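# Examining the three-dimensional arrangement
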Amino acid sequence: MSSSLAGTENSGGAGASPGRSEPVHSRPGDESPPRRAAKPGREATIVEALVETFVPPFPILEDEARQRVLVDVTRFVAGQILNLPTYLRFPYRIGLFAFDLGAFLFGGKTFRRAAKPAREAYLARWAQSRFDPLQDFVKLVRSCALFAYFDHPAVQAELERERRGAAIRAERRTRAF
């Protein structure tokens, strides 16, 4: 999935078409040249690993559809990080690298290279930390990832299909009595 972020720019929001991009400025009205989104390097793979860890296994999507959704969600989260004001974006990006390397100290592998159960355990450590900045780091990525995931058209369509199926089954049960 990491190569899918190559040369992408901010997608403009959850559920936006992946091909549509908008310039990313540090502040409204800032006339500085737009920045590019995360390159397919270490930062992008950290964000991908975070998204893959946060996104739930439901609703069940076909593999190809799930990969497309994960790419879109990762683009959205990376775009949100890039849209942070400069005074927050720089420390947050440093936090991404510290987060990745910190996993190495606890499990022998960086976060992006660790197995999903190890990533989940490490994330739980940060999310339950008594040090507020660690909790805030996790909250930003988790909330953006879950918002973009459940707002994605493919996920919405599958949830609606499941809801209709459940309503039909419930109606059949009530008619049987």
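The following refers to the structure shown. Note that the structure is a prediction, hence the values are computed from the model and not measured. (Residues numbered from 1 in each chain as written. Predicted model: local features only at pLDDT ≥ 70, side-chain atom pairs only at ≥ 80, totals over all residues. Heavy atoms only, no water.)

### Some thoughts on the overall build of the chain
Along the backbone of the chain there are six helices and zero strands. Secondary structure elements of the chain occur, N-terminal to C-terminal, as α-α-α-α-α-α. Out of the 177 residues belonging to the chain, those deemed buried represent 39%. Taking the contacts inside the chain whose residues are at least 6 apart along the sequence as the reference set, 68% of them involve residues at least 24 apart. In the structure as shown, the chain presents an accessible area of about 10,400 Å², 57% of it carried by carbon and sulfur atoms. (Helix = DSSP H or I, 4+ residues; strand = E, 2+ residues; numbered from the N terminus. Buried < 20%, exposed > 50% of the residue type's maximum accessible area, 1.4 Å probe, protein only. Contact = heavy atoms within 4.5 Å. Areas by Shrake-Rupley, 256 points an atom, 1.4 Å probe, with all protein chains shown as cover.)

### Considering the pattern of salt bridges
Pairing between side chains of opposite charge can happen when the charged atoms of each approach one another. Here the structure, examined in full by the defined rule, presents seven salt bridges. Close ionic contact of glutamate 64 with arginine 68 constitutes a salt bridge, the shortest N to O distance being 3.2 Å. Here glutamate 64 pairs with arginine 68, and both are found in helix α2 (residues 63-82), just four residues apart, close to one helical turn. Of the residues examined, glutamate 64 reaches a relative accessible area of 60% and is grouped as exposed. (Salt bridge = Lys/Arg side-chain N within 4 Å of Asp/Glu carboxyl O.)

### What to know about unusual backbone geometry
Cis geometry is found at the peptide bond from phenylalanine 58 to proline 59, where omega equals -10 degrees. Position of proline 59 among the secondary structure elements: in the loop between α1 (42-54) and α2.

### Details of the packing of aromatic side chains
Overall, the coordinates contain 12 aromatic pairs when judged by the stated rule. Centroid distance phenylalanine 99 to tyrosine 122: 4.9 Å. Interplanar angle 45 degrees. Geometry classified as tilted. A residue pair is termed long-range when its members are at least 10 positions apart, and phenylalanine 99 in helix α3 (residues 86-107) and tyrosine 122 in helix α4 (residues 116-127) qualify at 23 residues. Phenylalanine 99 gets classed as buried once you look at its relative accessible area, which sits at 0%. Given a relative accessible area of 4%, tyrosine 122 falls into the buried group. (Phe/Tyr/Trp six-rings, centres within 6.5 Å; stacked < 30°, edge-to-face > 60°.)

### Topic: the packing of α3 against helix α5 (residues 132-151)
In a pair of packed helices, the angle between the axes and the distance between the axes together describe the arrangement. The contact between α3 and α5 brings their axes to 11 Å, and the two run at 100 degrees. Taken together, α3 and α5 sit at an angle that is classed as roughly perpendicular. Contacts between α3 and α5 involve Tyr92, Gly95, Leu96 and Phe99 from the former and Phe137, Leu140 and Val141 from the latter. Of the residues contributing to the contact of α3 with α5, the split by class is six nonpolar, one polar and no charged. (Axes fitted to C-alpha atoms, helices over the stretch in contact; angles between N-to-C directions. Parallel < 35°, antiparallel > 145°, perpendicular 65-115°, else oblique. Nonpolar A, V, L, I, M, F, W, Y, C, P; charged D, E, K, R; others polar.)

### A word on the nonpolar core
Counting 32 residues, the largest nonpolar core has Leu50, Val51, Val73, Val77, Phe99, Phe111 and Phe137 as the members making the most contacts within it. Leave out the neighbours within four places in its chain, and valine 73 touches Val51, Ala145, Ala148 and Tyr149. (Core = buried A, V, L, I, M, F, W, Y, C linked by side-chain atoms within 4.5 Å.)

### With respect to the packing of α2 against α5
Relative orientation of the contacting elements α2 and α5 amounts to 135 degrees, with a least axis distance of 9 Å. Comparing their axes, α5 and α2 come out oblique. Of the two elements, α2 crosses α5, and the hand of that crossing is right-handed. Along its contact with α2, which presents Arg66, Val69, Val73, Phe76, Val77 and Gln80, the element α5 presents Val141, Cys144, Ala145, Phe147, Ala148 and Tyr149. (Left-handed = near helix turned anticlockwise from the far one by under 90°.)

### Observations concerning a nonpolar patch on the surface
Residues Phe104, Leu105 and Phe106 make up a contiguous nonpolar surface patch of about 390 Å² in total accessible area. With respect to the helices and strands, the residue leucine 105 is situated in helix α3. By relative accessible area, which is 72% here, leucine 105 ends up exposed. (Patch = residues over 30% accessible without salt bridge, like charges linked within 9 Å, V, L, I, M, F, W, Y side chains within 5 Å.)

### Details of α4
Side chains of residues three or four places apart in an α-helix project in the same direction, reflecting 3.6 residues per turn. Over its 12 residues, α4 extends 16 Å from the first C-alpha to the last, a length consistent with the 16 Å expected when each residue adds 1.5 Å. Taken together, the buried positions of α4 are occupied by Arg119, Tyr122, Leu123 and Trp126. Along α4, the residues classed as buried sweep out an arc of 100 degrees about the axis, all on the same side. The inward-facing, buried residues of α4 contact α1, α3 and α5. (Expected span 1.5 Å × (residues − 1). Arc of directions from axis to C-beta.)

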